[in-house]
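# Reading the structure
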Amino acid sequence: MSFSSDLKNELNNIIDKSIHCRSACLAGFISINGRMQEFEDGEALIIRVDSDDTEAGILRLIRMVTHIPDDMCICQNEKKHHRKIIILGAENIDEMMLRLKLSRYDNRFSVNPMLTQRECCKRAYLRGAFMAGGSVGNPEKSYQMEIATLSESEAERLSAILEKMSLSCGIVEHRDRYVVYIKDGDTISDMLGLMGASKSLMEFENIRILKDIRNGVNREVNCDTANMKKIARSSAKQIDDINYIISKNGIDFLPENLREIAVARIEYPYYSLKELGELFTPPLGKSGVSHRLRKISEYANELKNN
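My aim in this report is to walk through the structure given alongside it, one point at a time. (Residues numbered from 1 in each chain as written. Predicted model: local features only at pLDDT ≥ 70, side-chain atom pairs only at ≥ 80, totals over all residues. Heavy atoms only, no water.)

## Section: the packing of aromatic side chains
Describing an aromatic ring pair means giving the distance of the ring centres and the angle of the ring planes. By the definition in use, this model includes three aromatic pairs. Pairing F3 with F204 gives two aromatic rings, centres 6.2 Å apart and planes at 45 degrees, and the pair type is tilted. Here F204 lies in helix α8 (residues 198-249) and F3 lies in helix α1 (residues 3-12), a separation of 201 residues in the sequence. Comparing F3 with F204 shows no difference in burial state: the two are buried. (Phe/Tyr/Trp six-rings, centres within 6.5 Å; stacked < 30°, edge-to-face > 60°. Helix = DSSP H or I, 4+ residues; strand = E, 2+ residues; numbered from the N terminus. Buried < 20%, exposed > 50% of the residue type's maximum accessible area, 1.4 Å probe, protein only.)

## Re the sheet that holds strand β4 (residues 82-87)
Sheet strands pair by backbone hydrogen bonding; their relative direction is either parallel or antiparallel. Taken together, four strands build an open sheet; the order of strands is β1-β2-β4-β3 and the sheet is antiparallel. Both edges of this open sheet fall to β1 (34-39) and β3 (73-79), since each of them pairs with a single strand only. Taken pair by pair, the neighbouring strands of this sheet meet at an average axis angle of 35 degrees, ignoring direction. Docked against the sheet, helix α2 (residues 19-33) engages β1 and β2 (42-49), running at close to 105 degrees with respect to β2. Against the sheet, helix α3 (residues 52-65) makes contact with β2, β3 and β4, and its axis sits at roughly 15 degrees relative to β4, the strand it touches most. (Pairing = 2+ DSSP bridges. Axes fitted to C-alpha atoms, helices over the stretch in contact; angles between N-to-C directions. Contact = heavy atoms within 4.5 Å.)

## Quick notes on the nonpolar core
Counting residues in hydrophobic clusters, the biggest one holds 59 residues, and the most contacted among them are I47, I58, I62, I85, I87, M96 and M145. The contacts of I58, once residues within four sequence positions are left out, are L26, F29, I47, V49 and I85. Ranked by size, the runner-up nonpolar core spans 15 residues in total, among them I245, I261, A264 and L293. (Core = buried A, V, L, I, M, F, W, Y, C linked by side-chain atoms within 4.5 Å.)

## Examining the environment of F29
Among the structural elements, F29 can be located in helix α2. F29 sits 233 residues away from A262 along the chain, and the two C-alpha atoms are 77 Å apart. Those residues in contact with F29, other than ones at most four positions away along the chain, are G34, I47, R48, V49, T54, I58, G128, A129, M131 and A132.

## Comments concerning the packing of α2 against helix α5 (residues 119-133)
Here α2 crosses α5 at 35 degrees, and the two axes come no closer than 7 Å. For the pair α2 and α5, the sense of crossing is right-handed. Every residue of α5 that contacts α2 at H20, C21, A24, C25, A27, G28, F29, S31, I32 and N33 is listed here: C120, C121, A124, Y125, R127, G128, A129, M131, A132 and G133. (Left-handed = near helix turned anticlockwise from the far one by under 90°.)

## A closer look at the pairing of strand β5 (residues 102-105)
Here four bridges tie β5 to strand β6 (residues 108-111), and the two strands are oriented antiparallel to one another. Note that in β6 the partner of Y105 across the bridge is R108. Where β5 folds back onto β6 in an antiparallel hairpin, the turn is made up of two residues, including D106, whose phi is positive at roughly 55 degrees.

Okay, here's the thing in structure tokens:
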């Protein structure tokens with residue numbers, strides 16, 4: 001299963017202790033996946049779910065929050081991989097709307113802000129909304145969390161709740177939906193914690209740690225590789241100059257101090273300046289080695305010019 005699926009399963013198994021938080025969670029779900037629809041002899045409240053586990057979790061919340069009889073909650077297949085819960089009876093729908101502080105616009109619902117005044121209810125509402133329309137990308141590849149809504153007003157509501165919880169997010173219109181998104185790893189981590197997904201939070205943080213270690217190792221390897229290439233290029237130029245001097249005037253043409261460093265460079269072509277300096281007694285510093293090699297290059301240039 002994907003990280004997103006595992007997260008939703010974990011959220012689905014969280015049961016709030018208080019009735020107001022249970023109501024907020026259910027309202028968050030219905031605000032995303034609830035709609036009114038004509039059904040047989042009258043209208044019905046349709047709640048779309050994407051798995052059997054989610055269906056069981058929503059039915060459990062309905063039983064905890066309302067007095068709607070089980071035979072008034074019908075479960076049917078909606079389309080491939082999706083099911084729907086159908087709430088029948090005008091009095092049952094009225095009770096649902098009253099207890100969840102829902103108001104209807106067209107065939108959709110909006111939630112009275114009074115339902116999410118408490119911080120605990122904000123967390124529960126976010127959990128319900130994420131279970132309905134949320135997804136999170138594989139954290140091993142990228143950091144991306146989204147909640148897709150069908151209305152701009154609902155997206156703005158979620159954004160406002162996140163901002164009150166000190167979580168930054170953005171909203172983008174995509175096809176016929178408004179998507180609330182988070183792309184920052186720290187913020188996604190905070191969001192997982194707020195929703196109560198402790199297991200997913202731990203897994204997410206472990207993946208982040210491993211990614212940071214892997215990226216750090218890659219940076220060091222790339223840096224070492226770049227340094228080796230730089231040393232190889234410099235060494236090749238220095239050895240060319242030394243060989244040119246030898247071919248023209250012989251090694252004895254160089255003063256003793258330059259002759260010593262020239263012999264060392266030819267013998268140890270892949271040594272850095274620091275490593276070359278450590279071959280001498282007493283050791284030479286990097287600046288001393290660089291100065292002598294630079295003098296050899298100047299001698300070689302003079303010979304070439306003459």
